[in-house]
Amino acid sequence: MTEPMLLDRRQFLLASLGGMGALVLGSCTQTVDQGTGLTVRLPQGATGFPSPWASNADIGYAQMSLLYDTLLWRDGSGELLPWLAQRYQSSADHLTYTFELRENLRWSDGRPLTADDVVFTFDYYAAQGTLPPPVIIQPPQGIANVAARGPSTVEITLTRPHNTFVGQVAAALPIVPKHVWASINDPVGVDDLKKLVGSGAYRLREYNGDGGAMLYTARDDFFLGAPFVKRIEERAIEDPIAALAAGQTDAGRGVGLRADTLAPFANDTFGKITEQGASTLPLYWNLNKEGPLSDVRFRRACAMAIDRRDLVNRLAAGRGLPGNPGFLSPANPFFAPVRQYDFDVPGAGALLDAAGYRMGPGGIRQDRGQPLSFELLISNAEAPLSEILVGSLRRVGVELRPTAVEIGPQLFGNKLIGKYDMAVLFFPGPGPGGPNTDPDVLRVLFSSKVEPSLQAATAYASPAFDDLAEKQRLAFDDGERKALVAQMQQILADDLPMLPLFYPETVVLFRTQVLDEWYFTPGQFPTLQDNKQLFITGRRTGTTIRS
Amino acid sequence: MAATVEVALPPAVDDDRRAPHTRRRRSPLLAFGLVVLGVVVLMAVFAPLLTQYDPRDPAAGAALEQPSARHWLGTDQPGRDIFAQLVYGARASLVVALVAGTLAMAGALLLGVLPALLGGATDRASNRLVVFLLALPGAPLLVLIGSLGLNGRLPILLVIALLGAPPNARILRTQALSLRQRGFIAAAQGFGGGPLYVLRHHYVPGLAPLIAVGFVNWASVAVGLEAGLTFLGLGDPSGISWGLMLNRALAQQSIYFSPMWIWWVLPVGLTLTITLLALTVVGVALEPAFNPRSHTSS
């Protein structure tokens, strides 16, 4: 007995065609949704939990900043905009800053945002101590007192004047609601979406764990008005450039992209912005270790043995700048010319000879009977660089043993606690547009008076540098500051506690039909990732901020 | 009345079974496998003669050169010759195949055959250990070890060998137990044959075919596992291996936007695939010839 047929052949064919048609229609991505507004798709998954204390690195900060606001914010030209604060003023001695909040600010749960929340935020940060890397925003230093002088007035007093307070604290520290966080003792461990009550332009609708996809939707009651972009979809994509070409995302970012990679985007469908010095890969020596690593002659010889211009050619397809021993990128407005340690293998060998590191068995130099053989801690993603470094130093009799690890605890943790000989770690900056433009970054990274941090040089101490670093932070005159920063760069180039290897060109490609203007924000701290203002104000025709 | 006596004639002796070496010569699969493996061995042994470049030398050429008379398969991003890496990568695969295969079979003899011959508590304890080791998930264990930073060649080799010992120990133990119960073993012992005599004349010939097949099969698995680990970036990052070559190639941003995958990904992928295929077919081809079941059942 045969089973009765539910569909005859003709019906089956029609149903199949109908199904295929539905699939085709469904797969046609409609980025501009006429009914609900614009959707932007970004090629990155959640980088940590998007709270101020658990969002990781620069991408995580950008994701968190969609939910939380700061007192001030930078627009596409780098100008500081009134944000939660509609105005501020500083005292003549630059010790006291008074911020006047906007009226009728509200958290996403409808409760009012007041000066008490701002005071609470500063106090709460101060109570946390150092946050685990790679959380970017750390408790601000040098705050003497934060007090509410009314329901919408906050007065912040510093222990000493600091010329980056406005740009790197007031415009970077996310303000959080007291009524949510006051009862939480361990904010780093919070992963409850209900706690993500912010003042930001977006709500987080979907979160699928660290690395997972996220969906943000616009808050029409945002204090600057309904955002231009209504939905932001983020999901991890391994090759954003290929995904952009395939129509799976609306923007893609890369560094040192080859010409053949860029070629498919040279048409009106796509836009492109580029930035020099937005990131670098510095080579760290662990100065805590005795022997060659703490010998400046050894470090100088290493610098001479590495052809930094060739690194640009090989690893960035010629699109970038060679590393500057003074740390700041040549594109940075505070850059000063310093000694460069030009590529010179015989010269490097001679320097090592003069320092007493004689050639030993197997072509490896020795220091008091011990071979010059060092572990190189480096991310898996930088494997080609490690291979070039191994070859470069091998030519002068120095052996590198790469320990290539995933970006994460093995890399960050070991670097932070100084468990390495030499290391290469990605650094966001220090070019003119994007994070760490301000030369105070030199103080943060190299002053022995500053708490050790992930990106800082290990165990470098120079009283002369420390003195200059303190002076420049107190200088509010650009000319005076430039002169001080130039001296700081000279000292760094002489001592070489760290050597930027190269600054690859950073490129953002985007689909112009969705958003026709993207930008790197000059001076934006702490990330050059997508400035949220772009999504709030929208296209070039509508970039005037609504204050 | 004449009684009819039916005499059961012995089954016709299969030529293949009687002369396995004759059949091996005739098997096209085996021939293919052996030829490929021979080429791989020659590549590994004569690597310095096949290429003038050191596979680790970034100064071999410019970055990402196209194939030319100087660089037959072009260069990678640091400027290393890809053909040199391909040729020298054969060494890594062969070392893994030989060492992991040998260690796995040595472990199998230790865990399977020896306790089976000793019997008693030793055999029971060993059997439990084998069952425990069999329960370990192989690939996740290797990924865990690699991600813990124990990604040198030796730890990886040892773990691959450790994973290969239990399944082979089970097979060898069964055969050893079977041999122990055979009459000819008791007869040999009854006629005064010492343990070494029995081992040499009865156990070794009875187990050797299984050891050979097990070795080839596990060598194939080991090459695949090592390539997989290095492809995932969990192997020795300073080594030269086919898996690592694929890892580096696919880490190249948007490699499929350019034709470079044709001379970078394709040759390595094909070489790896064909080598694995060769090892597999050799194992498959050897199995019927060496499998004791094919001699005893008909």
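Asker: Help me understand the overall build of chain A, please; the structure alone is not making it clear to me.
Answerer: Scanning chain A from terminus to terminus reveals 16 helices and 24 strands. Against the 2.2 N^0.38 benchmark of 24 Å for 547 residues, chain A shows a C-alpha radius of gyration of 26 Å, consistent with a compact globule. Expressed as lengths along the three principal axes of its C-alpha atoms, the size of chain A is roughly 90 × 75 × 45 Å. Per-residue burial over chain A gives 48% buried out of 547 residues. A sequence separation of at least 24 residues applies to 69% of the contacts in chain A between residues at least 6 apart.

Asker: Sorry, what's going on with the overall build of chain B here?
Answerer: Summing up its helical and strand segments, chain B has 13 helices and zero strands in all. Along chain B, helices (α) and strands (β) appear in the sequence α-α-α-α-α-α-α-α-α-α-α-α-α when read from the amino end.

Asker: Quick question: what am I supposed to make of the sheet that holds strand E8 (residues 153–158) of chain A here?
Answerer: Within a sheet, each strand pairs with its neighbour through backbone hydrogen bonds, oriented either parallel or antiparallel. Residues and elements named next belong to chain A. Spatially, four strands are ordered E5-E6-E8-E7 in an open sheet, and the strand pairing comes out antiparallel. Of all strands in the sheet, those with a lone pairing partner are strand E5 (85–90) and strand E7 (143–148), marking the two edges. Along the sheet, successive strands turn relative to each other by an average axial angle of 15°, direction set aside. Bridge count between E7 and E8: five bridges; the pairing is antiparallel.

Asker: Explain the nonpolar core to me, please; I cannot follow it from the model alone.
Answerer: Nonpolar side chains in soluble globular proteins generally cluster together in the buried interior. Membership of the largest hydrophobic core comes to 142 residues, with the highest contact counts inside it found for Ala-301, Met-422 and Ala-423 of chain A. With six residues, helix H8 (residues 296–305) of chain A is the single largest residue contributor to this core. The residues touching Ala-301 of chain A, leaving out its near neighbours within four places in the chain, are Ala-348, Leu-351, Leu-352 and Val-396 of chain A. With 71 residues, the next largest nonpolar core counts Leu-64, Leu-172, Val-221 and Ile-240 of chain B among its residues.

Asker: Just checking my understanding: could you explain the sheet that holds strand E18 (residues 370–371) of chain A for this structure?
Answerer: Residue and element names in this part refer to chain A. The strand order across the open sheet formed by three strands is E16-E17-E18, and the pairing between neighbours is antiparallel. Edge positions in the open sheet fall to strand E16 (358–359) and E18, since each of these has one partner strand only. With two bridges connecting them, strand E17 (residues 365–367) and E18 associate as antiparallel partners. Across the sheet, residue Gln-366 finds its bridge partner in E18, namely Pro-371.

Asker: It is not clear to me how the packing of helix H5 (residues 82–118) of chain B against helix H10 (residues 195–231) of chain B should be interpreted in this structure. Could you clarify?
Answerer: Packed helix pairs are characterised by how far apart their axes lie and by the angle those axes make with each other. Residues and elements named next belong to chain B. Remark: H5 packs on H10, axes separated minimally by 7 Å, with the N-to-C direction vectors making an angle of 135°. Between H5 and H10, the crossing angle belongs to the class labelled oblique. The chirality of how H5 crosses H10 is right-handed. Packed against H5, whose contacting residues are Ser-93, Val-96, Ala-97, Ala-100, Gly-101, Ala-104, Met-105, Ala-108 and Val-113, the element H10 presents Leu-207, Ile-211, Gly-214, Phe-215, Trp-218, Ala-219, Ala-222, Val-223 and Glu-226 at the interface.

Asker: Please explain the interface of chain A and chain B as it appears in this structure.
Answerer: On the chain B side, the residues contacting the 22 residues of chain A number 20 residues. Sorting the residues of the side of chain A that touches chain B by element identifies helix H6 (240–245), helix H7 (259–262), helix H9 (308–315), helix H11 (383–394) and strand E20 (399–405) of chain A as the ones contributing at least two each. Looking at the side of chain A that touches chain B, the element that brings in the most residues is H11 of chain A, giving five residues. Along the lines of polarity and charge, the residues of the side of chain A that touches chain B split into 11 nonpolar, six polar and five charged.

Asker: How should helix H9 (residues 183–190) of chain B be read in this particular structure?
Answerer: Given 3.6 residues to a turn, an α-helix orients residues that are three or four positions apart in the same direction. Counted residue by residue, H9 of chain B has zero buried out of eight residues, so it is predominantly exposed. Residue Gly-192 of chain B follows H9 of chain B closely and has a positive phi angle near 95°.

Asker: How do you make sense of the confidence of the model for chain A when you look at a structure like this?
Answerer: Residue and element names in this part refer to chain A. Here chain A averages 89 in pLDDT, and 91% of its residues register 70 or above. pLDDT under 50 marks residues 1–7. Its contacts with residues more than four places away, or in other chains, come to two contacts. A low-confidence stretch, residues 19–35 stays under pLDDT 50, and its non-local contacts, those more than four residues away or across chains, total six contacts.

Asker: What is the right way to look at unusual backbone geometry in this model?
Answerer: Negative phi values dominate among residues other than glycine, just as trans dominates among peptide bonds. Residue and element names in this part refer to chain A. The residue after Gly-429, namely Pro-430, is reached through a cis peptide bond having omega -5°. Here the phi dihedral of Ala-317 falls at roughly 50°; this positive angle occurs in a residue that is not glycine. Mapped onto the secondary structure, Ala-317 falls in the loop between H9 and strand E15 (320–322). The exposure class assigned to Ala-317 is buried, which follows from the 21 C-beta atoms found within 10 Å.

Asker: Mind showing me how you'd approach the environment of Leu-133 of chain B here?
Answerer: In this fold, Leu-133 of chain B is placed in helix H6 (residues 120–135). Note: C-alpha distance between Leu-133 of chain B and Gly-164 of chain B (31 residues apart in sequence) is 9.6 Å.

Asker: Could you clarify how one ought to interpret the pairing of strand E6 (residues 96–101) of chain A in this entry?
Answerer: Regular strands have side chains that alternate between both faces of the sheet. All names here are of chain A. Residues of E6 alternate between two faces, with Tyr-97, Phe-99 and Leu-101 buried on one and Thr-96, Thr-98 and Glu-100 left unburied on the opposite face. Relative to E6, E5 runs antiparallel, the two being bridged by five bridges. Its bridge partner being in E6, Ser-90 is matched across the sheet by Tyr-97. Of the pairings in the sheet, the one linking E6 to E8 comprises five bridges and is antiparallel in character. Residue Glu-100 lies in a different strand from E8, and its bridge partner there is Thr-153.

Asker: Got a minute to help me understand the environment of Ala-348 of chain A in this structure?
Answerer: All names here are of chain A. Considering the arrangement of structural elements, one finds Ala-348 in helix H10 (residues 345–354). Taking the C-alpha atoms as reference points, Ala-348 and Arg-299, separated by 49 residues in sequence, lie 9.7 Å from one another. If near-sequence neighbours (up to four positions away) are discounted, Ala-348 is found in contact with Ala-301, Met-304, Ala-305 and Val-396.

Asker: Sorry, what's going on with the confidence of the model for chain B here?
Answerer: Where the model shows low pLDDT, its predicted coordinates should not be examined in detail. All names here are of chain B. When pLDDT is averaged across chain B, the result is 84; 87% of the residues are at 70 or more. Highest mean pLDDT in chain B belongs to helix H4 (residues 47–50) (96); lowest belongs to helix H1 (residues 15–18) (44). Within the model, pLDDT remains below 50 along residues 1–24, and this stretch shows 10 contacts once partners closer than five positions in the same chain are excluded. Predicted complex metrics record ipTM = 0.73 and pTM = 0.79.

Asker: Honestly, the packing of helix H3 (residues 28–45) of chain B against H5 of chain B in this entry has me stumped. Any pointers?
Answerer: All names here are of chain B. Relative to each other, H3 and H5 sit at 110°, their axes nearing to 7 Å. Accordingly, the angle class assigned to the pair H3 and H5 is roughly perpendicular. Between H3 and H5 the crossing geometry is left-handed. Packed against H3, whose contacting residues are Val-40, Val-41, Met-43 and Ala-44, the element H5 presents Val-87, Ala-90, Arg-91 and Leu-94 at the interface. For the contact of H3 with H5, a count of residues per class yields seven nonpolar, no polar and one charged.

About the thresholds
Residue indices begin from 1 for each chain and proceed along its sequence in written order. Think of it this way: whatever chain is written first is A, whatever ligand is written first is 1, and the rest follow in order. Only residues with pLDDT of at least 70 get local features here, since the model is predicted, and only at 80 or more are side-chain atom pairs given and counted; chain-wide, interface and lining totals rely on the full set of residues. The secondary structure listing takes helices from DSSP runs of H or I that are at least 4 residues long and strands from runs of E that are at least 2 residues long, numbered from the N terminus. For the radius of gyration, the atoms used are the C-alpha atoms, and the globule rule reads 2.2 Å times the number of residues raised to 0.38. Whether a residue is buried, exposed or partly exposed follows from its count of other C-beta atoms within 10 Å of its own C-beta, namely 20 or more, 12 or fewer, or something in between, respectively; the C-beta atoms are built from the backbone. Once C-beta atoms are placed from the backbone, any two residues with those atoms within 7 Å are in contact. Two strands are counted as paired when DSSP detects at least two bridges linking them. Structural elements are reduced to axes, namely lines fitted to C-alpha atoms, with helices fitted over the stretch in contact, and the angle between N-to-C directions of any two is expressed from 0 to 180 degrees. Joining buried Ala, Val, Leu, Ile, Met, Phe, Trp, Tyr and Cys residues through C-beta atoms within 7 Å gives a set, and that set is a nonpolar core. An angle below 35 degrees is read as roughly parallel, one above 145 as roughly antiparallel, one from 65 to 115 as roughly perpendicular, and any other as oblique. Two helices cross in a left-handed way if the nearer one is turned anticlockwise from the farther one by less than a right angle. They cross in a right-handed way if the turn is clockwise. Note on residue classes: Ala, Val, Leu, Ile, Met, Phe, Trp, Tyr, Cys and Pro are nonpolar, Asp, Glu, Lys and Arg are charged, and everything else, Gly too, is polar. Every residue gets a pLDDT, meaning the predictor's confidence in that residue, from 0 to 100.

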